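Geometric and topological summary
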Amino acid sequence: DIHKATKLTENVTHMHLNSDGTTLKQHKIGAATINGLVLSVNELSNSSAEQIANDISKELEHLRRTAEILELPNAKSINWSLVASATSDSASTQKKFNEIVKKLREEDAERFGQASLATSQELVSNFCAMHLGVNLRKAFLQGSESEIASETSRQYSQTDTTVHEFCKLFGIRGVPEYGVGAVSFPNFLAIAIKSAKLIEESNYYQLCQSMTLERQVGSRYFVTASNAVKVVFLRKAAFEYLNEFRKNTLEKDVYQKLQDSNAMAGLKADGLMFLHIYADLVTLAKSQEFKKSALDMNIHYLELNGFLEHLEENPSIAFNPNIQVFPSESRLYNECVQQNHRMKPKNKLIYSYLFTQDKEWDQLVEDKLSKGAATMRLKLKSYAKDYLPGGKYWDPPEEVKTVLKEIKPSNDICESILGLNDWLENSMPSISQLTKRNLIEAKKNDTLSWLDTQSRDEQYRTISLAVKEKVAVKENYKQHKKVIEEERQKAMMKMMQRQSEQAEKLRELKADLSGMLVINNVKLLDKVLLGIERDEHLNVLKKTKKKMELLKVQVKLRKVVYNQETIKLNFTKAGKKIPLAELVDQYKCLIEKNPISDKADYTGPKDLVGKDIWHRFFDCGSKDYSWFRGFVLAYDEESDKFEIAYEDEEEHCFFNLLVDYSVGDLKIIK
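These notes cover the structure that comes with them. (Residues numbered from 1 in each chain as written. Predicted model: local features only at pLDDT ≥ 70, side-chain atom pairs only at ≥ 80, totals over all residues. Heavy atoms only, no water.)

**With respect to the overall build of the chain**
- Of regular secondary structure, the chain possesses 25 helices and 14 strands.
- On the principal axes, the C-alpha backbone points of the chain span a range of 105 × 75 × 55 Å.
- The buried share of the chain, taken over its 670 residues, is 48%.
- Of all intrachain contacts in the chain linking residues separated by at least 6 positions in sequence, the fraction that spans at least 24 positions is 68%.
- Per element, the accessible surface of the chain, about 35100 Å² overall, is 51% carbon and sulfur.
- In the chain, 96 positive and 96 negative side-chain charges are present, and the distance between their average locations comes to 4 Å. (Helix = DSSP H or I, 4+ residues; strand = E, 2+ residues; numbered from the N terminus. Buried < 20%, exposed > 50% of the residue type's maximum accessible area, 1.4 Å probe, protein only. Contact = heavy atoms within 4.5 Å. Areas by Shrake-Rupley, 256 points an atom, 1.4 Å probe, with all protein chains shown as cover. Lys, Arg positive; Asp, Glu negative; His and termini not counted. Charge placed at Lys NZ, Arg CZ, Asp CG, Glu CD.)

Here it is as structure tokens:
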């Protein structure tokens, strides 16, 4: 703390704040730095912007008090008013956090009477270029797999799932070592090398044998995209191996996916985007050799936007190994293996498989590239709009340029802090978060080296003060832990109450829906739709609305009552409504792929005859929808209408009850 307080009072004109958070064993951990100096690595009760800002405020207050005890000059300058920029992983998270920071800057400027550079200009909001890349990849996969997503709900993309299953099978510890019984994959490759008739085949199997898959942890930072390239390369050998040895479900699933042209086309498209965009974006954002600033990235975002526009119109350009997405940075395309990942000897051979012609795949690949590029470009223009032409940071005033030049495009510093915190947790699980924080600060801030530069008197003074404050620090940590536990308990109680309320609503909804007719075959669906079409009381617009309502209610019925939680029917695509005919076709596919064994005791229209019912329809008297009790007397197949006798009504009525039975406007009294 003494080291940090000293550094923050030494000719600091403005501060650059970085923050990030993670979840470790169900505990929220927040990390914050100022001007590259680790400010805190604390446990938080939640990951909200308010909680993060509150934690940083406490740290600044503590360091300000430490500076005052040491009688350091400019002790009061350790406050929010000097914060000139704030960087986090997500632009959406940063938006809320920035609003809080602006308010705190104004409050501290008034409190400490400081008219600093930071308070005289707008707070510079920056996001992590790496996180931008991750979100662009998500957008690309969503766009390229839009048809698949419309048929079934997937928590993960098909590409991520395929790569994850392949790595689970062949990359247990990062290498393709999987084996069945006595024959392992490496053994199979060794046999293939010896039996290969052509030198090219032998070289291929040898490279497969030396292949290393990245450690598969989700899809963050393009690990999955990197592995997708290798899966495309390993496909032939893995397919041959599984063709001989496949027994359990995972083996059969992977074998099937290796034969699926659509799945393989998705991997190839993802691999091409990794080759052309993702890997270079990592280099630009993180490489110490390039030393890019947030301002430098403007031109690269513009270049990326132009490439995506070109790719959308002409996806075949992705098959050109020499295309340059970021032409302003020639070092990405030189002969240096440290700067150009394409020049690594092993990568040359692996990447070559992305450019081999395959008639079965390539048309699918081009289609995925075009659709994916369109959604990716929309995400880029939304996410990085301030850094593209017309944005406030494209050609900002000189004082803002100065700040942007000092900001790094990646939030790598907080990532490394949280990574070290995870390592300490796994290596020494018994130590407290306070101890982990002290170790991290000592290493990252190079505290011991700083202490060595001080005079003997200053060293003695620093150590004496540290020993003196030891008890207070421990007590503050205990109080912090107590507050965190109390806040966590309150949050858990609220969550349990919310879950209880949601469960009650679900029970009520299930009870309300359980009496409805579930449409379980295409023939019945056509019959109900025809009933709506024949309704003389509805105009064309109302008929369409009624059919839409039918589809929505039927999907909800299947999810809530029949536990088909994964089914999904998208009524819009890219912000536009999907035509009714297309929705009907989609629902017919859902019916065929998701049969229901329990058909609600319904076999045909005659099942309603002889039943007491509640029937809801518009009451002209009350000018509202009301429920009426009745008895179904008969069914006429020619008109497809039922004869109903309602209470307090002398005349019998004739309605097509199947439509109302399908949308919840009719219930059978049991």
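**Comments concerning the pairing of strand β11 (residues 624–636)**
- As paired elements, strand β10 (residues 612–619) and β11 share 8 bridges and run antiparallel to each other. Residue R616 lies in a different strand from β11, and its bridge partner there is W627.
- Between β10 and the antiparallel strand that follows it, β11, lie 4 residues; K623 among them carries a positive phi value of about 55 degrees.
- The pairing of β11 with strand β12 (residues 641–646) spans 6 bridges and is antiparallel. Considered in β12, the bridge of A634 is made with E643.
- Counting the residues that bridge the hairpin from β11 to β12 gives 4 residues, and of these D640 lies at a positive phi of roughly 60 degrees. (Pairing = 2+ DSSP bridges.)

**Observations concerning the pattern of salt bridges**
- One pass over the full model with this rule turns up 32 salt bridges.
- The partner of K546 in a salt bridge is D665, and the shortest N-O contact between them spans 3.9 Å. You can see K546 sitting in helix α23 (residues 540–560) and its partner D665 sitting in the loop between α25 (657–663) and β14 (666–668), a full 119 residues away along the chain.
- Residue classification places D665 among the buried positions, given a relative accessible area of 9%.
- In this structure, R629 engages E647 in a salt bridge whose closest nitrogen and oxygen atoms are separated by 4.0 Å. You can see R629 sitting in strand β11 and its partner E647 sitting in the loop between β12 and β13 (653–655), a full 18 residues away along the chain. (Salt bridge = Lys/Arg side-chain N within 4 Å of Asp/Glu carboxyl O.)

**Quick look at the side chain of E145**
- Along the chain, E145 turns up in the loop between α5 (129–144) and α6 (146–151).
- Here E145 occupies a buried position and makes no salt bridge, while the nearest side chain of opposite charge, K368, is found at 5.5 Å.
- Discounting chain neighbours no more than four positions away, the residues touching E145 are S157, Q158, T159 and K368.

**A closer look at the packing of helix α8 (residues 185–195) against helix α10 (residues 223–244)**
- Taken N-terminus to C-terminus, the directions of α8 and α10 make an angle of 105 degrees; their axes are 11 Å apart at the nearest point. By the angle between their axes, α8 is roughly perpendicular relative to α10. Contacts between α8 and α10 involve F185, F188 and L189 from the first element and A237, A238, E240 and Y241 from the second.
- When grouped by side-chain class, the residues that make up the contact of α8 with α10 number 6 nonpolar, no polar and 1 charged. (Axes fitted to C-alpha atoms, helices over the stretch in contact; angles between N-to-C directions. Parallel < 35°, antiparallel > 145°, perpendicular 65-115°, else oblique. Nonpolar A, V, L, I, M, F, W, Y, C, P; charged D, E, K, R; others polar.)

**Points about helix α12 (residues 261–286)**
- Taking 1.5 Å as the rise per residue, α12 with 26 residues should run 38 Å; its terminal C-alpha atoms sit 35 Å apart, in good agreement.
- The buried fraction of α12 is high, at 23 of 26 residues.
- At the N-terminal boundary of α12, the capping side chain belongs to D260, with an oxygen 3.0 Å from the backbone nitrogen of N262. (Expected span 1.5 Å × (residues − 1). Polar contact = N/O pair within 3.5 Å; in protein donor to acceptor, adjacent residues only side chain to side chain.)

**Some words on unusual backbone geometry**
- The residue D446 is not glycine, and still its phi comes out positive at about 55 degrees.
- If you trace the backbone, D446 turns up in the loop between α18 (433–444) and α19 (447–453).
- Even without being a glycine, N563 presents a positive backbone phi close to 55 degrees.

**With respect to the sheet that holds β10**
- Strand order in the open sheet made by the 5 strands is β13-β12-β11-β10-β14, with antiparallel pairing throughout. The sheet terminates laterally at β13 and β14, the two strands that pair on one side only. Put simply, the sheet's adjacent strands are angled 40 degrees from each other on average, direction ignored.

**Examining a nonpolar patch on the surface**
- On the surface, a nonpolar cluster with roughly 300 Å² of combined accessible area is contributed by W423, M428 and L439.
- For M428, the position within the fold is in the loop between α17 (412–427) and α18. (Patch = residues over 30% accessible without salt bridge, like charges linked within 9 Å, V, L, I, M, F, W, Y side chains within 5 Å.)

**Overview of the packing of helix α7 (residues 158–170) against helix α11 (residues 249–259)**
- Where α7 meets α11, the axes come as close as 10 Å, and the angle between the chain directions of the two elements is 130 degrees. Here α7 is positioned oblique relative to α11, judged by the angle of their axes. Between α7 and α11 lies a crossing of left-handed hand. Of α11, the residues touching α7 (which contributes T162, E165, F166, K168, L169 and F170) are L250, E251, D253, V254, K257 and L258. (Left-handed = near helix turned anticlockwise from the far one by under 90°.)

**Details of the packing of aromatic side chains**
- All told, the structure shown has 22 aromatic pairs when counted by the stated rule.
- Here the aromatic residues F127, Y301, Y383, Y387 and Y393 are joined through ring pairs into a cluster of three or more.
- Above the ring of F571, the side-chain terminus of K552 is found at 5.3 Å from the ring centroid. (Phe/Tyr/Trp six-rings, centres within 6.5 Å; stacked < 30°, edge-to-face > 60°. Lys NZ or Arg CZ within 6 Å of the ring centre and 35° of its normal.)

**Details of helix α22 (residues 522–533)**
- Here α22 is 12 residues long and its end C-alpha atoms lie 16 Å apart, about the 16 Å a rise of 1.5 Å per residue gives.
- Along α22, the residues that are buried comprise L524, L525, V528, L529, G531 and I532. Along the long axis of α22, the arc covered by the buried residues comes to 155 degrees, so they all point the same way.
- Next to the buried residues of α22 lie α23, α24 (580–593) and α25.
- Residue N521 occupies the N-cap position of α22, its side-chain oxygen lying 3.3 Å from the main-chain nitrogen of K523. (Arc of directions from axis to C-beta.)

**Here's the deal with a negative patch on the surface**
- A contiguous patch of negative charge, built from D648, E649, E650 and E651, is present on the exposed surface.
- With respect to the helices and strands, E650 occurs in the loop between β12 and β13.

**As for the sheet that holds strand β5 (residues 124–127)**
- Taken in spatial order, the 5 strands line up as β3-β2-β1-β4-β5 in an open sheet, and their pairing is mixed. If you trace the sheet from one side to the other, it starts and ends with β3 (37–44) and β5, each paired once. Taken over all neighbouring pairs, the strand axes of this sheet differ in orientation by 20 degrees on average, direction set aside.
- Alignment of strand β1 (residues 15–24) against strand β2 (residues 27–34), held across 8 bridges, turns out to be antiparallel.

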